[in-house]
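Read off the chains here:
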Amino acid sequence: MKVLILGKGGREHALAWKFVRSNRITGLYCAPGNPGTAELGTNVEINANDVDAVVETAIRHSIDLVFVGPEEPLAADVVSALADRGIAAIGPPASSARLESSKSFAKAFMERHGVPTAAADVVQTESDLHAFVSGNPGPVVVKMDGLAGGKGVREFNSATDAVPFANSALKSGPVLLEERLHGIEVSAFALIDSNGHRILPPCADYKKSGERGTGSNTGGMGSISPVPWIADETWSSVKRTIIEPSIEGLRNDGLDYTGVLYIGVMLTEHGPYTLEYNVRLGDPETQVILPLLRADILDVCEAMIDGSISRCRIETDDLVSVGVVVASAGYPDSYQKDVPVTIDNVDGAYVTPRSLDRLIFHSGTRSNEHSQIVTAGGRCFTCVCRDTDVFRARTGAYELAESIHFDGAWSRTDIAARVFGS
Ligand code: AMP
Ligand code: GLY
């Protein structure tokens with residue numbers, strides 16, 4: 001089978017690695033990919049958000065299956081455009097991708113289907129905002145309605161503090177003002193098709209830039225799966241109260257869905273609450289989950305396309321997988337690009353189809369005109385190690401991170417160290 005992966009991050013490098021481990025793969029293309037995916041398949045220099053270019057690439061290379069990594073091509077309805085040409089894809093059509101591309105749509109969906117979530121008001125104008133602030137002085141989370149590349153959500157200790165950000169967010173459309181929750185975050189992933197679903201093991205993402213969950217929101221500075229500090233009964237209640245009612249809601253609303261639903265959950269003292277839906281795999285969660293998954297990813301994708309995912313064997317190795325992100329100086333604010341990178345020749349530095357326990361996935365990097373790897377984004381690598389023991393997995397991931405050198409490179413030092421929630 002010939003597969004095309006859309007995207008260029010660590011998630012897509014991990015997907016490429018997992019696909020090339022299948023002995024049924026006959027061609028792997030990534031659009032646009034990164035230097036890591038170039039080692040495993042063929043990168044195609046197109047913009048993954050350009051639907052016509054994606055369809056043309058899929059036809060030109062006789063692609064059997066397109067795996068859509070990021071949210072933007074899903075919101076642009078690449079899946080329907082591919083379906084019109086008879087090309088199978090993993091990912092929902094734009095009508096269902098609204099669960100991620102419109103936070104007000106997602107909030108109304110949760111409320112309609114009884115999925116627990118923080119109370120929220122949608123405001124459209126400055127005067128709505130001022131009315132909200134005078135009636136609700138307490139802590140608040142401001143969320144831009146549309147896709148904002150991880151920059152659309154900010155937490156504030158009081159509604160008054162939130163006004164400048166909310167005002168500037170209003171310039172791009174409606175804004176959600178949401179009750180601020182406290183607790184431990186977990187990322188839940190369900191593989192969904194027209195007939196059923198399967199749930200992957202729990203995963204935690206370290207969202208904040210600072211140690212112990214301080215600082216600003218990032219795309220994710222590290223990840224761990226499964227999550228040692230989440231009890232089985234807590235996870236069962238996430239499945240029962242959030243994941244299953246959400247999937248039931250898709251069916252009841254007639255929303256087509258073949259792909260991954262990623263639910264951001266806050267475990268609070270009053271039970272689990274839904275923070276958000278994403279209509280794709282997470283980054284850096286994918287980098288730790290895929291190395292645990294025993295199944296051939298082609299079998300899993302084919303099952304989703306055939307509508308037989310509920311009969312697919314989704315077993316995972318009885319290990320823990322830890323991922324540490326290496327980022328550019330300044331990230332998540334502005335950062336320099338084109339900084340030369342060197343990587344020591346340690347085990348795992350070069351990801352091959354045979355690699356398994358130690359993996360370095362590329363994200364924001366590129367190969368320059370001298371074929372040298374340089375930085376090209378905020379999050380540059382995810383270093384992953386799996387082991388029977390969480391401390392060894394953590395040490396292994398940090399050893400890999402220390403083998404990567406570029407000016408200003410940094411990581412959070414507390415990934416998988418303890419429960420910091422975010
Ligand atoms: P979202 O894109 O909605 O997941 O928000 C990004 C991050 O903001 C989440 O991972 C949380 O860390 C934080 N966040 C979002 N909503 C809330 C909330 N209601 N209360 C507290 N933190 C939140
Ligand atoms: N790790 C957060 C995300 O993928 O949105």
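The text that follows walks through the structure, step by step, so that each part is easy to find. On a predicted model such as this, the values are computed, not experimentally measured, just so you know.

Cut-offs used in this document
- Residues numbered from 1 in each chain as written.
- Chains lettered and ligands numbered in written order.
- Predicted model: local features only at pLDDT ≥ 70, side-chain atom pairs only at ≥ 80, totals over all residues.
- Heavy atoms only, no water.
- Buried < 20%, exposed > 50% of the residue type's maximum accessible area, 1.4 Å probe, protein only.
- Helix = DSSP H or I, 4+ residues; strand = E, 2+ residues; numbered from the N terminus.
- Pairing = 2+ DSSP bridges.
- Axes fitted to C-alpha atoms, helices over the stretch in contact; angles between N-to-C directions.
- Contact = heavy atoms within 4.5 Å.
- Near = heavy atom within 4 Å.
- Polar contact = N/O pair within 3.5 Å; in protein donor to acceptor, adjacent residues only side chain to side chain.
- Areas by Shrake-Rupley, 256 points an atom, 1.4 Å probe, with all protein chains shown as cover.
- Nonpolar A, V, L, I, M, F, W, Y, C, P; charged D, E, K, R; others polar.
- Core = buried A, V, L, I, M, F, W, Y, C linked by side-chain atoms within 4.5 Å.
- Salt bridge = Lys/Arg side-chain N within 4 Å of Asp/Glu carboxyl O.

**Topic: the pairing of strand β16 (residues 320–327)**
In step 1: The buried fraction of β16 is high, at eight of eight residues.
In step 2: Residue alternation in β16 divides its side chains into two sets, Val-320, Val-322, Val-324 and Val-326 and Ser-321, Gly-323, Val-325 and Ala-327, and both sets are buried.
In step 3: Strand direction decides the pairing type here: strand β13 (residues 222–225) and β16, joined by four bridges, are antiparallel. When the sheet's bridge partners are listed, Ile-224 is paired in β16 with Val-322.
In step 4: When β16 meets strand β21 (residues 379–387), the two strands line up antiparallel, connected through eight bridges. Counted as the bridge partner of Ser-321 is Arg-386 from β21.

**What about the sheet that holds strand β6 (residues 120–123)?**
In step 1: Read across the open sheet, the four strands follow the order β6-β9-β7-β8; overall the sheet is antiparallel. The open sheet has two edge strands, β6 and β8 (153–156), and neither has a second partner. Ignoring which end each strand starts from, the neighbouring axes of this sheet average 20 degrees apart.
In step 2: The pairing of strand β7 (residues 140–144) with strand β9 (residues 175–179) spans five bridges and is antiparallel. Opposite Lys-143, over in β9, you have Leu-176 as the bridge partner.
In step 3: Against the sheet, helix α7 (residues 103–112) makes contact with β6, β7, β8 and β9, and its axis sits at roughly 45 degrees relative to β9, the strand it touches most.
In step 4: Contacts between helix α8 (residues 126–135) and the sheet are confined to β6, β7 and β9, with β6 contributing the most and set at about 150 degrees to the helix.

**A few points about the site of ligand 2**
In step 1: Every residue lining ligand 2 is accounted for by Asp-205, Lys-207, Gly-219, Tyr-262, Arg-280, Gly-282, Asp-283, Pro-284 and Glu-285.
In step 2: At 2.7 Å from a nitrogen atom of ligand 2 is found a side-chain nitrogen or oxygen belonging to Asp-205.
In step 3: Here a nitrogen atom of ligand 2 sits 2.9 Å away from a polar atom, N or O, in the side chain of Glu-285.
In step 4: Calculation on ligand 2 without its partners gives an accessible area of 200 Å², and the protein chains cover 87% of this total.
In step 5: A breakdown of the residues in the shell around ligand 2 according to their chemical character gives two nonpolar, two polar and five charged.

**Remarks on the nonpolar core**
The nonpolar side chains of a soluble globular protein tend to be buried, and buried together.
In step 1: Grouped together as the largest cluster of nonpolar side chains are 74 residues, with contacts concentrated most on Leu-4, Leu-6, Val-66, Leu-82 and Tyr-277.
In step 2: If near-sequence neighbours (up to four positions away) are discounted, Leu-6 is found in contact with Glu-12, Ala-31, Ala-48, Val-54, Val-66, Phe-67, Val-68, Gly-69, Pro-70, Pro-73 and Val-78.
In step 3: Residues Phe-67, Phe-189, Leu-281 and Val-288 belong to the second largest nonpolar core, which totals 40 residues.

**Some thoughts on the pattern of salt bridges**
Pairing is possible between side chains that carry opposite charge, provided their charged atoms lie close to one another.
In step 1: Taken as a whole and assessed by the stated rule, the structure comprises 25 salt bridges.
In step 2: Ionic pairing is found between Arg-358 and Glu-399, a salt bridge with its closest N-O pair at 3.6 Å. Placement of the pair is Arg-358 in strand β18 (residues 358–362) and Glu-399 in helix α13 (residues 390–402), with a sequence separation of 41 residues.
In step 3: With relative accessibility at 21%, the residue Arg-358 sits in the partly exposed group.
In step 4: A relative accessible area of 42% places Glu-399 in the partly exposed class.
In step 5: For the salt bridge of Asp-414 with Arg-412, the shortest nitrogen-to-oxygen distance reads 2.8 Å. The burial state of Asp-414 is the same as that of Arg-412; both residues are buried.
In step 6: Residues joined in a network through salt bridges with shared partners are Arg-294, Arg-313, Glu-315, Asp-317, Asp-357 and Arg-386.

**With respect to the pairing of strand β4 (residues 65–68)**
In step 1: Burial along β4 is two-sided: Leu-65 and Phe-67 facing one way and Val-66 and Val-68 facing the other are all buried.
In step 2: Two elements, strand β1 (residues 2–7) and β4, share four bridges in a ladder whose sense is parallel. In the sheet register, Val-3 faces β4, and the bridge partner there is Leu-65.

**Some thoughts on the site of ligand 1**
In step 1: Residues in contact with ligand 1 amount to 16 residues; listed here are only the nearest, Lys-143, Glu-178, Leu-181, Glu-185 and Glu-276.
In step 2: The backbone of Leu-181 places a nitrogen or oxygen atom 2.8 Å from a nitrogen atom of ligand 1.
In step 3: With respect to ligand 1, the side chain of Glu-276 contributes an N or O atom lying 2.8 Å from an oxygen atom.
In step 4: Compared with its free state, where it exposes 470 Å², ligand 1 has 94% of that area covered by protein.
In step 5: Residue assignment for the shell around ligand 1 shows that the elements contributing at least two residues are β7, β8, β9 and β15 (271–278).
In step 6: By residue class, the composition of the shell around ligand 1 is five nonpolar, one polar and ten charged.

Don't take any of this as a statement about function, it's just geometry.
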